[in-house]
Amino acid sequence: MEESMHGSSLDTMKDVDHFEEFSDAEKALLEGTVWRKLDRWVLPVCTIFYLLSFLDRSNIANARVAGMQTSLKMTNYQYSIALTLTYVPYIAAEFPSNLLLKYVGPRWMLPTMVTTWGLVATMQGVVKTYSGLLACRFFLGLMEGGLFPGLVLYMSFFYPRERLQIRVATFFASASLSGAFSGLLAAGIMNIKASSGRPGWAWIFIIEGMFTFLFGLTAFLVLPNSPAHARFFSTKERRYVMAKLKADGAVAGDDKSDGFSWIEVIRCCQSVHVWLLAPVLFFLGTTLYGLAYFEPTIVAGLGYTGNKAQLMSAPPYAFAFVVSMITAVISDRYKCRGFMLIFFSVCNLVGFIMFYASKSNHVRYGSLFLTISGSYCGAPPVITWVANNSAPHVRRATSVAIAFIMTNSGGILATWLLGSLSPAPNYTKATITFIIMSVGMVVLSTVTLAYLWHQNRLKTQRRQLGTPDGEPIGLGDKSAWFIYNL
């Protein structure tokens, strides 16, 4: 079976460069078919992967409210240490994992990661000591680290650039959905009492971790490595998708250009737009993970307790999910990644100012709708923006890895800002820091937008003076015929 799949894919690849061979009628028919097939077979699996990833990484916040911290005799300082320890291997795994993805094969690598961390997540429910929890958090970070950058890179193998954000937003929106689910599930699971007398907070880890493990096993049977290996495509559909991706610049015109090269890693590190967005990603990661790990505690500090706190933590995430999907459609339709990022950065800014300036619990709770939407809905456009404007494969893999290293480095800062450095319920130092970061996000996003617009103008002038054949080989996103998405 595998040999025949590879054989047919090689035949497919011979003609993929000739996008013009498809008539307008064929293009219209295939456009209406191929993306729907990918949305049925690939997108749901990626979405559930990321939902489970975020759920298993952040449900420690719900377990804390449910009594874990008291049961394991942890201080606030030790809780911050446990969160930080998750991110050290998480960040270390991102870059090598992204480079390995294409060569190991997404079909094997992604489900293996999910299955393994599902087991580790389950083990958190059986630990008896703080040191046991630390060991679990370390290996959870190590196994999960490559997933999100790997998923973004994997999706870019299948979708052209103008169709990518709505798909990235779909599976990233599952992070906000996981925040809603986590509170609702925790409220129900907390009441479980087994014959062993295991506390409710332990069952949060056990039940959610076991589901992840079982889903990871089923994913081995579903995920294709690439469009050329997708069994649900006909030969013509494979040809069309690969031709479309190459015409769009989402993949290189030949396998050699997409092969690993340290030169491409270095070229990525010389990309101005990547480093302009790097601080934005750090700021966004700080606010996003701060809310992910402390929102249930923040809600509890607003006068809600026990199951009520778990339930009241869900609505801001549900709202963010809806907003993320709507704005992703707009962003893909009008190709306005930068404007969306600026808009959500402003939402962040307004929300944190409300939390800082008001002493009303109702106003502060309302501010969570703005800050959670600003953080969770701002992530898809900036991640897609980085991926869209980097080519070929290794340059894109490196830029996406840099993006997630910066985001998760912000997560480390968040664990201390809202943990030991800024006491509840006001979180004054953390909120002031978030306000400053939100201003930085607005400014740097605007500068990046202006820079890319200026580069596109320069490329227009270059196109008027030459032809694609006259350019040096391997320019990737530096080519005059590669238009930066704004």
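Calculation notes
- Residues numbered from 1 in each chain as written.
- Predicted model: local features only at pLDDT ≥ 70, side-chain atom pairs only at ≥ 80, totals over all residues.
- Heavy atoms only, no water.
- Phe/Tyr/Trp six-rings, centres within 6.5 Å; stacked < 30°, edge-to-face > 60°.
- Helix = DSSP H or I, 4+ residues; strand = E, 2+ residues; numbered from the N terminus.
- Buried < 20%, exposed > 50% of the residue type's maximum accessible area, 1.4 Å probe, protein only.
- Lys NZ or Arg CZ within 6 Å of the ring centre and 35° of its normal.
- Patch = residues over 30% accessible without salt bridge, like charges linked within 9 Å, V, L, I, M, F, W, Y side chains within 5 Å.
- Areas by Shrake-Rupley, 256 points an atom, 1.4 Å probe, with all protein chains shown as cover.
- Salt bridge = Lys/Arg side-chain N within 4 Å of Asp/Glu carboxyl O.
- pLDDT = per-residue confidence, 0-100.
- Contact = heavy atoms within 4.5 Å.
- Core = buried A, V, L, I, M, F, W, Y, C linked by side-chain atoms within 4.5 Å.
- Arc of directions from axis to C-beta.
- Expected span 1.5 Å × (residues − 1).
- Bend = angle between axes of the 7 residues up to and from the residue.

One pass over the structure, following the stated rule, counts 29 aromatic pairs. Between Tyr50 and Phe54, the ring centres sit 5.9 Å apart and the planes meet at 55 degrees, which makes this aromatic pair tilted. Highlighted residues: Tyr50 and Phe54, both in helix α3 (residues 43–65), separated by 4 residues, approximately one helical turn. Judged by its relative accessible area of 1%, Tyr50 falls in the buried class. Joined through ring pairs, the aromatic side chains of Tyr50, Phe54, Tyr87, Tyr90, Phe148, Tyr289, Tyr293, Tyr317, Tyr376 and Phe404 make up one cluster. Lying across the ring of Tyr79, Arg64 places its NZ or CZ 4.1 Å from the centre. Above the ring of Phe482, the side-chain terminus of Arg161 is found at 4.2 Å from the ring centroid.

Take a nonpolar patch on the surface next. Together, Phe181, Leu184, Leu185 and Leu311 make up an exposed nonpolar region whose accessible area comes to about 340 Å². Looking at the nonpolar patch, the element that brings in the most residues is helix α9 (residues 164–189), giving 3 residues. Along the chain, the position of Leu185 falls in helix α9.

Let us look at the confidence of the model for the chain. Averaged over all residues, the pLDDT of the chain equals 87, while 92% of them reach at least 70. Between residues 1–17, whose pLDDT stays under 50, and residues either more than four places distant or in other chains, the model counts 22 contacts.

Bringing unusual backbone geometry into the picture now. Here Ala391 and Pro392 are connected by a cis peptide whose omega angle stands at 5 degrees. By secondary structure assignment, the location of Pro392 is in the loop between α17 (361–388) and α18 (393–417). Here the bond from Ala424 into Pro425 is cis, since omega is 0 degrees, no more than 30 degrees from zero. Of note, Pro425 is situated in the loop between α18 and α19 (428–465). Of note, the phi angle at Lys73 is positive, near 55 degrees, even though the residue is not glycine.

We now examine the pattern of salt bridges. Using the criterion set out here, one finds 11 salt bridges in the structure. Two residues, Lys244 and Glu31, come together in a salt bridge whose shortest N-O distance is 3.7 Å. Within this pair, whereas Lys244 is found in helix α11 (residues 235–248), its partner Glu31 is found in helix α2 (residues 24–41), the two being separated by 213 residues in sequence. Between Glu264 and Arg267 there is a salt bridge, with its nearest N and O atoms 3.0 Å apart.

Before going further, it helps to spend a moment on the nonpolar core. Phe49, Tyr50, Met68 and Tyr376 are the most contacted members of the largest nonpolar core, which has 140 residues in total. Phe49 has contacts with Leu110, Pro111, Val114, Trp117, Leu147, Leu151, Phe215, Ala219 and Leu223, leaving out every residue within four places of it along the chain.

Attention now goes to helix α12 (residues 262–269). Every buried residue of α12 is accounted for by Glu264, Val265 and Cys268. Axial view of α12: buried residues confined to an arc of 105 degrees, hence all on one face. Exposed and facing more than 90 degrees away from the buried side of α12 are Trp262 and Ile263. Of the surrounding elements, those touching the buried residues of α12 are α5 (76–104), α13 (272–300) and α18.

Attention now goes to α2. In a regular helix each residue adds 1.5 Å, so 18 residues correspond to 26 Å; α2 covers 26 Å between its end C-alpha atoms and thus fits that length. Within α2, the axis deviates most sharply at Leu30, by approximately 30 degrees. The set of residues buried in α2 consists of Leu30, Val34, Trp35, Lys37 and Leu38.

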